[in-house]
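# Residue-level structural notes
Below are the chains, spelled out letter by letter.
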Amino acid sequence: RADCLDCVANLGRRLDCPAHPACAHLWQVRVNRVHWLDTKGPTFARARSESLYAGETYIMGIDSHTNFAPGWDTIMIDMFKSIGNPKAIITAYPHGYPSSEQEEGGDNAQVNVEPARMTSIFRTRRVQGGRTVSFKHDMNSVKRPSDPSTGGPVRVAFLAAGFNFAAGCRVREVPYDPRTPFLFDGEETLLAVRAWTRGYDFYLPDRSV
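Computed from a predicted structure; not experimentally measured.

## Regarding the overall build of the chain
For the chain, the count of helices and strands is six helices and seven strands. The order of helices and strands in the chain, counted from the N terminus, is α-α-β-α-β-α-β-β-β-β-α-α-β. The buried share of the chain, reckoned over its 209 residues, is 34%. Across the chain, the fraction of contacts at a sequence separation of at least 24, relative to all contacts at a separation of at least 6, is 70%.

Next comes the structure, spelled out in structure tokens:
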């Protein structure tokens, strides 16, 4: 309910406790509620969500319309460790799933963990729109890094806001800038430049979760 003072408790009431797997983990959920009239776009929202960081080992940024493969957390942690770079950020544009599954709520969508190809940003352009200059990403489908001899994930030049996984210290070293209200085009470029100049490298995942 929109007027619920504690949406975590509200979540617990709606679930089929104790059978639902989330019920045993409600103590791990932290919520930052903002009235819709006070919202200021994606960078503001991501900064608010990252303000809830409490020293966890890993951090992952996603868009809300995201489904997960079984065991996604173990897969991502193993992938991160395989890179051997504590300042790695694993990032890509996730695969879509059929609209029929979206209409059913998306919960039944099956994630292909080892697709033949992955979607990656390969170029950023400045686009003039009236008196405003924006950044626009161009994406391309590339062969999924799957040869163990290449070391798994491969380095890429760009960061995707819709999916990125890193060590938790990234939040302390390169937090989202909350003073960029209503920034959309340029959000990913801004975070990527700030992270890269602090020593972070970006990697295309070798699996899709």
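## Re the packing of aromatic side chains
Enumeration over the complete set of coordinates arrives at four aromatic pairs. Ring geometry for Y58 against F80: centres 5.6 Å apart, planes inclined by 80°, an arrangement best described as edge-to-face. Taken together, the residues Y58 in strand β1 (residues 58-62) and F80 in helix α3 (residues 72-83) connect sequence positions 22 residues apart. On the accessibility criterion, Y58 (23% relative accessible area) is partly exposed. Here F80 falls in the buried class, since its relative accessible area comes to 9%. Relative to W72, the ring of F68 lies with its centre 4.9 Å away and its plane at 35°, an arrangement referred to as tilted. W72 sits in the partly exposed class, given a relative accessible area of 28%.

## Quick word on the pattern of salt bridges
Tallied over the entire structure, the rule returns eleven salt bridges. Of the charged contacts in the structure, one is a salt bridge between E173 and K87, with a shortest N-O distance of 3.4 Å. Highlighted residues: E173 in helix α5 (residues 169-173) and K87 in the loop between α3 and β2 (88-91), separated in sequence by 86 residues. Classification of E173 by relative accessible area gives partly exposed; the value is 27%.

## Here's the deal with the sheet that holds strand β5 (residues 154-156)
Strand order in the open sheet formed by five strands is β1-β6-β2-β7-β5, and the pairing between neighbours is mixed. Of all strands in the sheet, those with a lone pairing partner are β1 and β5, marking the two edges. Sheet twist, expressed as the mean angle between neighbouring strand axes with direction ignored, is 30°. The sheet contact formed by β1 and strand β6 (residues 163-167) spans five bridges and is antiparallel. The partner of Y58 across the bridge, within β6, is A167.

Conventions used here
Residues numbered from 1 in each chain as written. Predicted model: local features only at pLDDT ≥ 70, side-chain atom pairs only at ≥ 80, totals over all residues. Heavy atoms only, no water. Helix = DSSP H or I, 4+ residues; strand = E, 2+ residues; numbered from the N terminus. Buried < 20%, exposed > 50% of the residue type's maximum accessible area, 1.4 Å probe, protein only. Contact = heavy atoms within 4.5 Å. Phe/Tyr/Trp six-rings, centres within 6.5 Å; stacked < 30°, edge-to-face > 60°. Salt bridge = Lys/Arg side-chain N within 4 Å of Asp/Glu carboxyl O. Pairing = 2+ DSSP bridges. Axes fitted to C-alpha atoms, helices over the stretch in contact; angles between N-to-C directions.

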